[in-house]
Amino acid sequence: MIKLRVARSARSGWFLAGWLLGMWGSSLGCGTLGDGTAPQDLWPRTPLRGFVLRDESSPFVLLKSGFDLDNPTTEPGPMSASLRLFGQLSPRNQPQQSQIFVGTVRSLAEESAPEELLAPTLPWEGQGIANPMWLSGLPGEEPVMLYTTSDGAVGLFQRLRDGSLSRLRRPLIPAASFGMGKLGRVSPVLTDGTLRLYFTVDDKTVHYAAADARAVADFVSDDSRSVSFSVSPALLSASDVVISVTRSQTAVAERISGLFVRRVLTPAGRARYDLYARAEAMGKSALVAASSYQGDAREPFLVVSEPLLAATAGGVPSGPYVTQWNGQTLLLLGLRTVQTGVAVALLPSDLPKQP
């Protein structure tokens, strides 16, 4: 069961100066009061622009002939020599028949195919399941994987101690529970004992549904329990985003989708919410980013003016996901060329050296 209440809040924009300092300050040097030597910098970076496809001629790390792969996410766990990727897969031009794929990436320079598929098996899952997203840190629980169904419900896979996945019999959020329209990709963030599930509605606005993390953990242990969610007002609208449609023309976005939000620490030790998404205008698509220190209606997301991905080599990008692996920051994304697969982009400083 799900209980729903709607939160009330007001938007504000006073934080812009502080946000800009926090965003760009990570690239500035910081000396000591002693000999002027900069301290060792061990803070993670969270880039919000300027990614470049690792290899424009061969950008994919996962591909399957005759199928579209999109919305990648990585399974949490200790650093290793490989990445275990999850995402959605559907027959070409049949997105309603989607399944969740599992694949392993051992090298960013090699292309491989998914190794396993998870199909809908429960009546409330409808024709397809999609948009997997991992969540770690629920009290007393192994990581769980959220996903959405063709009817708009949000389900869960529980990871057991042996690493296998167990599907919960009932949805965490039944279809149409929020009464707001079609929910897009759901991105979970844990903060101060609260789980926020960020999502788009009708590819127009960004909201989150908040619940007590302990109550969600109890649901994972026993899915007959109820979870009470509160839904935020709009935190970002498609119309807040401007993208380039030609070299000399920009346009206000008409749609925003493929949402991914994560909470990071800045070099100053302050928490920040970074948002990544696909924006569309006049038939053109671009990956964009935005950021907020609060991640809620007290401090709406501020959009970065430059695109997240500098160039797409003629492809159409979608489903962004940012993670760290082997000391590099990866932008994993869906990319449609002749077909759609999972591509990888890096920061220019991490690109392979040309011979």
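Up top is the structure these notes are about.
Each chain carries its own residue numbering, running from 1 in the direction its sequence is written. Note on the predicted model: pLDDT of at least 70 is required for a residue's local features to be given, and 80 or more for side-chain atom pairs to be given and counted; whole-chain, interface and lining totals, by contrast, use all residues. In computing side-chain values, all of the structure's heavy atoms are included and hydrogens and water are not.

1. Quick look at the overall build of the chain
Helix and strand assignments follow DSSP, with helices taken as H or I runs no shorter than four residues and strands as E runs no shorter than two, numbered in order from the N terminus. Within the chain, the regular secondary structure consists of 2 helices and 25 strands. Using a 1.4 Å probe on the protein chains alone, a residue whose accessible area is under 20% of its type maximum counts as buried, one over 50% counts as exposed, and one in between counts as partly exposed. In the chain, buried positions account for 50% of the 355 residues. If you take every contact in the chain between residues at least 6 apart in sequence, the share linking residues at least 24 apart comes to 56%. Surface accessibility of the chain: about 16,200 Å² in total, with carbon and sulfur atoms responsible for 51%. A contact between two residues is defined here by any heavy atoms of the two lying within 4.5 Å. In this description, accessible areas are obtained by the Shrake-Rupley approach with a 1.4 Å probe, and a residue is regarded as covered only by the protein chains that are shown.

2. Remarks on the sheet that holds strand E6 (residues 99–105)
The criterion for strand pairing is that DSSP finds at least two bridges linking the strands in question. Sheet architecture is open: 4 strands sit in the order E4-E5-E6-E7, paired in antiparallel fashion. Each edge of the open sheet is held by one strand with a lone partner, namely strand E4 (67–74) and strand E7 (116–118). Strand-to-strand twist across the sheet, computed as the mean angle between neighbouring axes with direction ignored, equals 30°. Strand direction decides the pairing type here: E4 and strand E5 (residues 83–91), joined by 6 bridges, are antiparallel. Following the sheet pairing, Leu69 is matched in E5 by Leu89. Every axis in this analysis is a line fitted to C-alpha atoms, fitted for helices over the stretch in contact. Angles between the N-to-C directions lie between 0 and 180 degrees.

3. Here's the deal with the pairing of strand E19 (residues 255–265)
Within E19, 8 of the 11 residues are buried, which leaves it mostly tucked inside the rest of the structure. Where E19 meets strand E20 (residues 271–281), 9 bridges bridge the pair, whose relative direction is antiparallel. Paired with Ile256 across the two strands is Ala279, which belongs to E20.

4. Some thoughts on the nonpolar core
Side chains that are nonpolar tend, in soluble globular proteins, to be buried together. In these notes, a set of buried Ala, Val, Leu, Ile, Met, Phe, Trp, Tyr and Cys residues joined through side-chain atoms within 4.5 Å is what counts as a nonpolar core. With 36 residues, the main nonpolar core has Leu108, Leu309, Leu331 and Leu333 as its most contacted residues. Put simply, the parts of the chain that give this core at least two residues each are strand E3 (60–62), E5, E6, strand E21 (284–292), strand E23 (316–325), strand E24 (328–336) and strand E25 (340–346). Beyond its immediate chain neighbours, meaning those up to four positions away, Leu333 contacts Pro72, Leu287, Leu309, Pro317, Ser318, Gly319, Pro320, Gly341, Val342, Ala343 and Ala345.

5. Examining the pattern of salt bridges
Definition used for salt bridges: Asp or Glu carboxyl oxygen within 4 Å of a side-chain nitrogen of Lys or Arg. What the rule picks out here adds up to 16 salt bridges. Residue Glu142 pairs with Arg161 through a salt bridge whose shortest N-O separation is 3.5 Å. Separated by 19 residues along the polypeptide, Glu142 in the loop between strand E8 (129–135) and strand E9 (144–149) and Arg161 in the loop between strand E10 (154–159) and strand E11 (165–167) bring together distant segments of the chain. Among the salt bridges present, the one from Glu280 reaches Arg255, with a minimum N-O distance of 3.5 Å. Note that Glu280 is positioned in strand E20 and Arg255 in strand E19, a separation of 25 residues in sequence.

6. A short note on helix H2 (residues 213–221)
Residues spaced three or four apart along an α-helix face the same direction, because each turn holds 3.6 residues. Taken together, the buried positions of H2 are Ala213, Val216, Ala217, Phe219 and Val220. For H2, the angular spread of buried residues about the axis comes to 155°, placing them on one side. Where the residues of H2 are buried, they touch E9, E10, strand E12 (187–191), strand E13 (194–201), strand E14 (205–212) and strand E15 (227–231). The definition of a polar contact used here is a pair of N or O atoms within 3.5 Å, where within protein one atom must be able to donate a hydrogen and the other to accept one, and adjacent residues in sequence count solely through side-chain atom pairs. Where H2 begins, the side chain of Asp212 points an oxygen toward the backbone nitrogen of Arg214, at a separation of 3.1 Å. This arc describes the spread of directions from the helix axis toward the C-beta atoms.

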